[in-house]
Amino acid sequence: MVRRLAIVVALSLLVNCLAINIASAADSQLAVTSPLKQEPWWKHAVFYEIYPRSFADAKNAGVGNLQGIISKLDYLKDLGVDAIWITPCYPSPQVDFGYDISDYENIAPEYGTLADFDQLVKEANARNIKIVMDLVMNHTSDKHKWFIESRSSKSNPKRDWYIWRDGKDNGPPNNWNSIFGHSAWTLDPTTKQYYYHFFYPEQPDLNWRNPAVKKAMFDVVRFWLDRGVAGFRLDAITTLFEDPNLKDNKVLAGKNAYGDPNMANENNDHSPQIHEVLRELRQVINSYPGDRVLVGETYGKDLADLCLMYGKNGDEIHLPMNFQFAYINKLSAPDFRARIDEWDNNPAKGWPVYLFNNHDCVRSYNRYGDGVQNDQIAKLMATMLLTLRGTPLLYYGEELGMENRDPRSIDEVYDPIGKLGWPKEKGRDGERTPMQWNADTNAGFSQAKPWLPVTASYKSHNVAVEEKDPNSILNYYKKLIQLRRVNPDLREGDYKSLNAGDKSVLAYLRGKDNSYVLVALNMSKSAQKIRLQLPEEVSRHAKLLISNATGSQTVDLSSDLNLDPLGAYVWEIVR
Ligand code: NOJ
């Protein structure tokens, strides 16, 4: 215990010293950063995803709300966040927790009102934080008035707003399966036709071949842009169009968690028509001042696929998410190096965007953690995320080292895919648990019983405790974000990977014109000795800026470097 205390004191002195280095660097470099060339704000912004149901409950209702988010803006400002992406907070039956929207131009009553939303935009903007909305264009809720009308009769003017077809051979029109299990077609008893849904049956797909659908959705886009949002995260954007001839999908080997045969989805995903819609959407966005942004939920099979999302002339999505990077799922220097190298040199010359977490995947704390040194690993991953050339995207609680809390039995499951696919698919509740604000009841999220249980680690991994601990994951994120904000090499510098063949250490330079920052990440659990293969012109003297390990403040790069197990180091090259 005493030893632990001594270590904590020693580390806190070290970290405080680093903090001071960063702070003074901030003062001296601010003058340098401000006159840099005017680039769109989103290139150097830190985005932070908020799942509103789980972030902060200002009404003690057990679910989060907009006033809850407003009450935490100072926290976000202090963390260094520039933009918040809020997952859908529109009225919704909440079958898919907001991704089934029943009114695109309002706020769900459990989350607040439009007045609360306006207040959020205003108060966030006052802190230089922008608000990005989630735009679900692929489907609506089955309780949306458009669908209620559409399903009412075959001759209803909104019939063609959705995809209706007769069945075939006493079954659905073709073999397409929903990504959430079983047939993508549901028979509607009123008109005895099937409607199509890529997701849940409660999420009927809109028919994007109908120009009226596009017009209505672009009106929605203008509605929120007029209210001051800085852009949109485009949900399920690759699935807008389907083959009009309903060609069967190729059946692949094996079955998924729901017992359905695996499929390639080649006829109902990634259709080329989406690009025309994206180009038009981009024009709508561009017609507003202030560099509004499009962030894409862009699953693709490879880099080429992903690059298409920027548009041939860079006229589609600004920030397509790279899930090939996000889901590497192991601490592998070669795998990260390969993905980063290809993304940084992408043929579309698109600006990279990096993330590890979102509300659909197991938290990175669990995916990369080894169960023993998870905090150290979380800092290692943060160092990579926040020192790459590109826009980083955080997910709430990531900055605390929040872990997954998966349901323990099917009775605990809320997410319908977890019910359908149990136990192979446990659903996504585990990564959506309440934000951990303090060590009090319900982690300070709400006085009422939260809609999902808090994680077991909330007493140690929460904002209040971590703010006081100079060695915490939270303080590490804060310092990295601050460093990235003030350091021109990290903001604008080129990326150059080093020691291409190294199996344990991911090392790279950021910078140009004889000004560099050097990053070395030891992804192995053993200490590493490494001689960095630096370009001639790079000086061999380096000063430590931040690290998750103990290490000397200056290093001589012409000799071997000793890296701690799982050590992450950011050095400034001293000219
Ligand atoms: C992707 C969203 O991230 C996910 O949560 C949702 O279930 C589907 N799209 C359907 O909207």
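To be clear, the structure that these remarks concern was listed above.
Residues numbered from 1 in each chain as written. Predicted model: local features only at pLDDT ≥ 70, side-chain atom pairs only at ≥ 80, totals over all residues. Heavy atoms only, no water.

**Q** So what's going on with the overall build of the protein chain? Which residues, and what values?
**A** For the protein chain, the count of helices and strands is 17 helices and 21 strands. Taking 25 Å as the expected radius of gyration for a compact globule of 575 residues, we find that the protein chain reaches 24 Å, a close match to that expectation. Summarising its shape, the C-alpha atoms of the protein chain cover approximately 75 × 50 × 50 Å along the three principal directions. Across the 575 residues in the protein chain, those meeting the buried criterion constitute 59%. Across the protein chain, every contact between residues at least 6 apart in sequence was considered, and the portion connecting residues at least 24 apart equals 68%. For the protein chain, the computed accessible surface area is about 22600 Å², with 52% contributed by carbon and sulfur atoms. With 67 positive and 73 negative side-chain charges, the protein chain shows a separation of 1 Å between the mean positions of the two kinds. (Helix = DSSP H or I, 4+ residues; strand = E, 2+ residues; numbered from the N terminus. Rg over C-alpha atoms; globule rule 2.2 N^0.38 Å. Buried < 20%, exposed > 50% of the residue type's maximum accessible area, 1.4 Å probe, protein only. Contact = heavy atoms within 4.5 Å. Areas by Shrake-Rupley, 256 points an atom, 1.4 Å probe, with all protein chains shown as cover. Lys, Arg positive; Asp, Glu negative; His and termini not counted. Charge placed at Lys NZ, Arg CZ, Asp CG, Glu CD.)

**Q** Can you break down the sheet that holds strand S2 (residues 83-86) residue by residue, with the values?
**A** Within the open sheet, the 8 strands sit side by side as S11-S10-S7-S3-S2-S1-S13-S12. Their pairing is parallel. At either margin of the open sheet sits one strand with a lone partner, and together these are strand S11 (319-320) and strand S12 (353-355). As defined by bridge partners, strand S7 (residues 231-235) adjoins strand S10 (residues 293-296) across 4 bridges and the pair is classed as parallel. Pairing of glycine 231 across the sheet is with valine 293, part of S10. (Pairing = 2+ DSSP bridges.)

**Q** Any chance you could break down the site of the ligand for me, citing the residues and the numbers?
**A** Lining the immediate surroundings of the ligand are Asp96, Tyr99, His139, Phe180, Phe199, Arg233, Asp235, Glu297, His359, Asp360, Arg428 and Arg432. Within the contact set of the ligand, an oxygen atom lies 2.5 Å away from a side-chain nitrogen or oxygen of aspartate 96. Aspartate 360 places a polar side-chain atom, nitrogen or oxygen, 2.5 Å from an oxygen atom of the ligand. Against a free-state accessible area of 290 Å², the protein chains account for coverage of 98% of the ligand. (Near = heavy atom within 4 Å. Polar contact = N/O pair within 3.5 Å; in protein donor to acceptor, adjacent residues only side chain to side chain.)

**Q** Any chance you could break down the pairing of strand S6 (residues 193-196) for me, citing the residues and the numbers?
**A** Side chains Gln193 and Tyr195 of S6 all project onto a buried face; the interleaved residues Tyr194 and Tyr196 project onto the opposite face, where all are buried too. Pairing of strand S4 (residues 164-165) with S6 involves 2 bridges; the strand directions are antiparallel. Paired with arginine 165 across the two strands is tyrosine 194, which belongs to S6. When strand S5 (residues 185-188) meets S6, the two strands line up antiparallel, connected through 4 bridges. Counterpart to tryptophan 185 in the pairing with S6 is tyrosine 196. The turn joining S5 and S6, which pair antiparallel and follow one another in sequence, is formed by 4 residues; a positive phi near 55° is taken by lysine 192.

**Q** Break down the packing of aromatic side chains for me, citing the residues and quoting the values.
**A** Inspection of every chain in the model, using the stated rule, returns 36 aromatic pairs. Each ring, one from tryptophan 41 and one from phenylalanine 47, has its centre 5.6 Å from the other, and the planes form 20°; the classification is stacked. Owing to a relative accessible area of 1%, phenylalanine 47 belongs among the buried residues under this scheme. Among the aromatic residues, those joined into a ring-pair cluster are Tyr90, Tyr104, Phe117, Trp146, Trp161, Phe223 and Trp224. A cation sits over an aromatic face here: arginine 53 above tryptophan 451, 4.9 Å from the ring centre. Between lysine 72 and the ring centre of tryptophan 437, over which it is positioned, the NZ or CZ distance is 4.1 Å. (Phe/Tyr/Trp six-rings, centres within 6.5 Å; stacked < 30°, edge-to-face > 60°. Lys NZ or Arg CZ within 6 Å of the ring centre and 35° of its normal.)

**Q** Could you give me a rundown of the environment of tyrosine 104, with the residues and numbers involved?
**A** Take tyrosine 104: it is sitting in the loop between S2 and helix H5 (114-126). Since its relative accessible area comes to 2%, tyrosine 104 is described here as buried. Along the backbone, tyrosine 104 and aspartate 219 are 115 residues apart, and their C-alpha atoms lie at a distance of 9.9 Å. Excluding anything up to four places from it in sequence, tyrosine 104 contacts Tyr90, Val136, His139, Thr140, His144, Trp146, Met217, Val220 and Trp224. A distance of 2.9 Å separates a polar atom in the side chain of tyrosine 104 from the backbone oxygen of valine 136. Within the structure, tyrosine 104 has its side chain in polar contact with the backbone oxygen of histidine 139 (distance 2.8 Å).

**Q** Tell me about the packing of helix H7 (residues 211-226) against helix H8 (residues 274-286), and name the residues and values.
**A** At their nearest, the axes of H7 and H8 sit 10 Å apart, and the two run at 30° to each other. By the angle class used here, H7 and H8 are roughly parallel. Relative to H8, H7 is oriented so that their crossing is right-handed. Residues Lys214, Phe218, Val221, Arg222 and Leu225 of H7 form the contact with H8, whose participating residues are Val277, Glu280, Leu281, Val284 and Ile285. (Axes fitted to C-alpha atoms, helices over the stretch in contact; angles between N-to-C directions. Parallel < 35°, antiparallel > 145°, perpendicular 65-115°, else oblique. Left-handed = near helix turned anticlockwise from the far one by under 90°.)

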